[in-house]
Each structure stands twice: as C-alpha cells, then as structure tokens.
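# Overview (structure and organization)
The chain contents come next:
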Amino acid sequence: MLRQQDVGHRIVVRRIVGIREGRTLFSDALGELVELSETHITLSTDAGPLRVPVAEVHRAKRVPPARRPTAAAVVALELAADEAWPAPVRGRLGDWRLRWADGWTGRANSALPVGDPDRPLPAALDAVQRWYAERGGSALVNTPLPLAAPVGAELDARGWTSRPPVLVQTVPLRTLTVPPAVPLPTSTPLPADAPADVPPVTLTDAPADDWLAIAAGRKGGLPDAARQVLTGTPRVRFAELREDGRLLAVGRGTVTGAGRWLGVSLLETVPEARRRGLAATVVRALAGWGAAEGATHAFLQVEQSNSAAVALYRGLGFTTHHTYLTRVAPAA
C-alpha cells in the first residue's frame, strides 16, 4: 500500500467498483498522488481529480514517472510565480521564502519551501510558525510536489491539513492565438477564431475601480496589502473587456522569471456574460502583450476541483507542469 512518502509521485490504483455474478469488478486509475488520508486517496488524473475511498482500494503502488519537469524547472517556475504575486512583507529562511499580505490569499501569506532552509527540517518549520505568529497569523506552507514531498511528510506528522490541490499549468505562447502587439493602453484586435460578438480587450498598466470591484468580489475584499500584491510587479497589465461601457471580463498578466514567463491570474467573467468566449479572448490578449515583452511561455494556477476553469485552459493548450498543496497549521 501507499505511504506519505508517495505523495507527489505517479501511482496506479486498482479499485473495487462492484460485484457481478459473484465476481468482484475492478477499475484501474493512473495519476499523481496529491493526498493520502486514513479514509481517501486523491489522484490528479488526465480526466481530472479522482477521490477514492480507502475501503474501495484493492491494490495501489507507485509506478515510474511519466516525463516530468526537473526539480530545477519546478523551482524556477515557483520563483517566477512568487515574483508575479509579490507579498508586501517578505522574509528568508535560507533559500525558503516567507510571505505576508495581511491574510489576503494563500499564495501571498505562505512559506515557499524550495531550496535549503539552512537548518534541519523540523527546526525550519518551527521557525516558519514563529515568523507567522509574530505577524498575528497562522502559518501556511505551499508544497510543490513532488519537490517538497519531504516537507509534506513532516507536516503530516505534525497534524497539518491540506487545502484542495492546485495545478500549475503552462503553455508555449506560440501555441496560443496571439493578437498583434499594439501600444498600451489601447484595444487589441481579436484573434481570428474569436466569436463575432466579442468586444475588444483593453490592456492598462493600472486597474480601474470596477476592475478592482470584480477582483474584490472574487477574493473577498481588497485590503491595502492586496493592492500592493496586484500592482507590485514591475511588468504588469490589467485586461478589461467592456461592452457599452460595462465591464464584462477581466484578467491580470505579469512578466517574470527573467522575462520568460507570462503569468495569468484573476481571470473572471461576470455571470451574465459567460459562455461567450470572453475569458479565452482575455487570455489571448494578455498572451499578445507577453509575447511582445519577450516572454516565451505562460503559466497559471488553478484549483484542480475547478472543472470549468480547467476545461477552459485545456482548450487553450495549457497542461499541468506540477501541482502544489497549501498546508495549514493545526489550531493552537
């Protein structure tokens, strides 16, 4: 059977799915193990997340990995993502990043354990908890998998829980339908395959008030620290798609990672304007800007359980580079 050390690795699970004419029926699933509890196994599969009750597991084992990014590639992308979502208060623990933004979003309020913390792992995690306690918050740790699997195993032993798995997805910019670069702020032409009724996208270097209102609705408010996160990256653009003056869709783009990575975040369409291709149009407009800035690849982060968003990104060519779990310290 599986152990906590297998989290973040590729596994195959044979599960019991029923009985027919006195014979047990089985089904096999292959994917990355993202969570292992006393009651369930959670896999990230090509068809989406799969949560299997332990009682239904007949057999499970680790299998050789499919082609996957190197540890150095995971570290480089995690650091580019950190640049793209810059917490206003930051600290270091050896190579580890400590981030604080008054509690606004998990990414800006968590430790990023990549590299050497310059001390034994138990002492490093003790130091993380002290750092967040000094700021009046509970400690969170983002664990990229399988890179930070040893950190995850130590957190399991301490009783830390996990938030839903997050997929870090990427795509080469050349595979997106990219509109020509134009001076900013301005409206970008639509890609050739965009629906005819989609308005143009405007890219600006500062978010409008109604843009911020949509972001606040999605993230539960916008404290001062949030505005620093949104605008603190040197190369950033805010996408607006309006119809008759009304804002229908938004998105945020950054260029980080030594200019290689376009980061796409806060993609949102108002409910009454969904299913018109607006979100895809916003992504492609940001891709046009990123390509003009010299970026070669795009990345985004999406909860694995957000099936609608995952399907949208799959249609645009995004694939999963790696996953991460946000680990939550137990209540004191």
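For the structure itself, look to the data block above.
Attention here is on the structure that accompanies the text. All values derive from a computational prediction rather than experimental measurement.

Time to look at the layout of surface pockets. Over the atoms, a rolled probe matching the size of one water molecule traces out where space is still vacant. Approximately 990 Å³ is the volume found for the largest pocket. Every residue lining the largest pocket is counted, 39 residues in all, and those nearest its centre are R218, V302, N306, A309 and Y313. The element contributing the most residues to the lining of the largest pocket is strand β16 (residues 261-269), with seven residues. Split by residue class, the lining of the largest pocket holds 19 nonpolar, ten polar and ten charged. Size it by volume and the second largest pocket reaches roughly 690 Å³. Along its surface, the second largest pocket is lined by 32 residues, and E32, S44, T45, D46 and T320 are the ones closest to its centre. Broken down by element, the lining of the second largest pocket gets its largest block of residues, five residues, from strand β18 (residues 319-328). Residues belonging to the lining of the second largest pocket are distributed by class as follows: 13 nonpolar, 13 polar and six charged.

Turning our attention to the packing of aromatic side chains. The full count for this structure, using the stated rule, is six aromatic pairs. With 4.9 Å between their ring centres and 75 degrees between their planes, W131 and Y132 make a pair best called edge-to-face. Taking 6.1 Å as the distance between ring centres and 80 degrees as the angle between the ring planes, the aromatic pair formed by W261 and F299 counts as edge-to-face. Here the residue W261 occupies a position in strand β16, and F299 occupies one in strand β17 (residues 297-303), the gap between them amounting to 38 residues. Ring-pair connections join several aromatic residues into one group, and the members of that group are W100, W131 and Y132. Across the ring face of F26, the terminal group of R14 is positioned such that the distance to the ring centre comes to 5.8 Å. Sitting above the plane of the W131 ring, R135 keeps its charged end 3.8 Å from the centroid.

Basis of the calculations
Residues numbered from 1 in each chain as written. Predicted model: local features only at pLDDT ≥ 70, side-chain atom pairs only at ≥ 80, totals over all residues. Heavy atoms only, no water. 1 Å grid on protein atoms, 1.4 Å probe; cavity = no way out; pocket = protein on both sides within 12 Å on 5 of 7 lines; lining within 4 Å. Points joined across faces, edges and corners; volume = space filled by probe spheres on them. Helix = DSSP H or I, 4+ residues; strand = E, 2+ residues; numbered from the N terminus. Nonpolar A, V, L, I, M, F, W, Y, C, P; charged D, E, K, R; others polar. Phe/Tyr/Trp six-rings, centres within 6.5 Å; stacked < 30°, edge-to-face > 60°. Lys NZ or Arg CZ within 6 Å of the ring centre and 35° of its normal.

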